[in-house]
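Reading the structure
Given next are the chains, with one letter for each unit.
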Amino acid sequence: MSIPVNAKVRAVPNFLTCLQAARDFMEKQDAASASLRFKKLQAEVVKARALLSFAPTSGRPARFLDAKSDWGQFQAQQARQSARALGLPELRELVLARHVVLYAHSEREVVLLSMRHERQLGYGLPRPSN
């Protein structure tokens, strides 16, 4: 795989929903520190976008794709369908400080699909359209 000049990085609406959910959780958890913590998360996402633009394979292979549980297999199926719908063959995870970003990619394009806190078991993924 050659190194792209700059892969296009974008986020689907579901990723933005996950960011808002993280912000809402921070507000409920501790309103006094929520703003600062969310700004740190935003900065991590900006750094992640820059990294993925330069090297789309920077994240690890998405571990949950080999899940054995019914829920894990359901999540894997949803993620694969989302990636296929975008025409992107690979699914990977990029670990931030306390969050994990799920993304699909090719050599020239990266799409941020979802994000979860490190303690969450699964990703919030959109329901596949039939």
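What you see is a predicted model, and the numbers here were worked out from it, not measured in a lab.

Thoughts on the overall build of the protein
Helix and strand counts for the protein stand at 3 helices and 5 strands. Each helix (α) and strand (β) of the protein, taken in turn from the N terminus, gives the series β-α-α-β-α-β-β-β. Whereas a compact globule of 130 residues would reach a radius of gyration of roughly 14 Å, the protein reaches 15 Å, a difference of no more than 12%. Its C-alpha atoms put the protein at 45 × 40 × 25 Å along the principal axes. Per-residue burial for the protein yields a buried fraction of 40% across its 130 residues.

A short note on the layout of surface pockets
Empty space within the largest pocket amounts to approximately 600 Å³. Considering the residues around the largest pocket, the lining is formed by 22 residues, among which Ala22, Phe25, Met26, His99 and His117 are closest to the centre. Of all elements in the fold, only helix 1 (13-29), helix 2 (31-54) and strand 5 (109-117) reach the threshold of two or more residues within the lining of the largest pocket. Looking at which element gives the most residues to the lining of the largest pocket, the answer is helix 1, with 6 residues. A per-class count over the lining of the largest pocket returns 9 nonpolar, 6 polar and 7 charged.

With respect to the sheet that holds strand 3 (residues 90-95)
Pairing is mixed across the open sheet formed by 5 strands, whose spatial order is 1-5-4-3-2. What marks the edges here is a single partner per strand, and that holds for strand 1 (8-11) and strand 2 (60-61). By the bridge criterion, 2 bridges tie strand 2 to strand 3 in an arrangement that is antiparallel. Looking at the pairing, Pro61 lines up with Arg92 of strand 3. Across the face of the sheet, helix 1 comes into contact with strand 1, strand 4 (99-105) and strand 5 while running at roughly 25° to strand 5.

Digging into the pattern of salt bridges
On inspection of all chains with the given rule, the structure shows 3 salt bridges. As a salt-bridge pair, Glu118 and Arg98 come within 2.9 Å of each other at their nearest N and O atoms. Here Glu118 is found in the segment after strand 5, whereas its partner Arg98 is found in the loop between strand 3 and strand 4, with 20 residues between them in sequence.

The rules behind each value
- Residues numbered from 1 in each chain as written.
- Predicted model: local features only at pLDDT ≥ 70, side-chain atom pairs only at ≥ 80, totals over all residues.
- Heavy atoms only, no water.
- Helix = DSSP H or I, 4+ residues; strand = E, 2+ residues; numbered from the N terminus.
- Rg over C-alpha atoms; globule rule 2.2 N^0.38 Å.
- Buried < 20%, exposed > 50% of the residue type's maximum accessible area, 1.4 Å probe, protein only.
- 1 Å grid on protein atoms, 1.4 Å probe; cavity = no way out; pocket = protein on both sides within 12 Å on 5 of 7 lines; lining within 4 Å.
- Points joined across faces, edges and corners; volume = space filled by probe spheres on them.
- Nonpolar A, V, L, I, M, F, W, Y, C, P; charged D, E, K, R; others polar.
- Pairing = 2+ DSSP bridges.
- Contact = heavy atoms within 4.5 Å.
- Axes fitted to C-alpha atoms, helices over the stretch in contact; angles between N-to-C directions.
- Salt bridge = Lys/Arg side-chain N within 4 Å of Asp/Glu carboxyl O.

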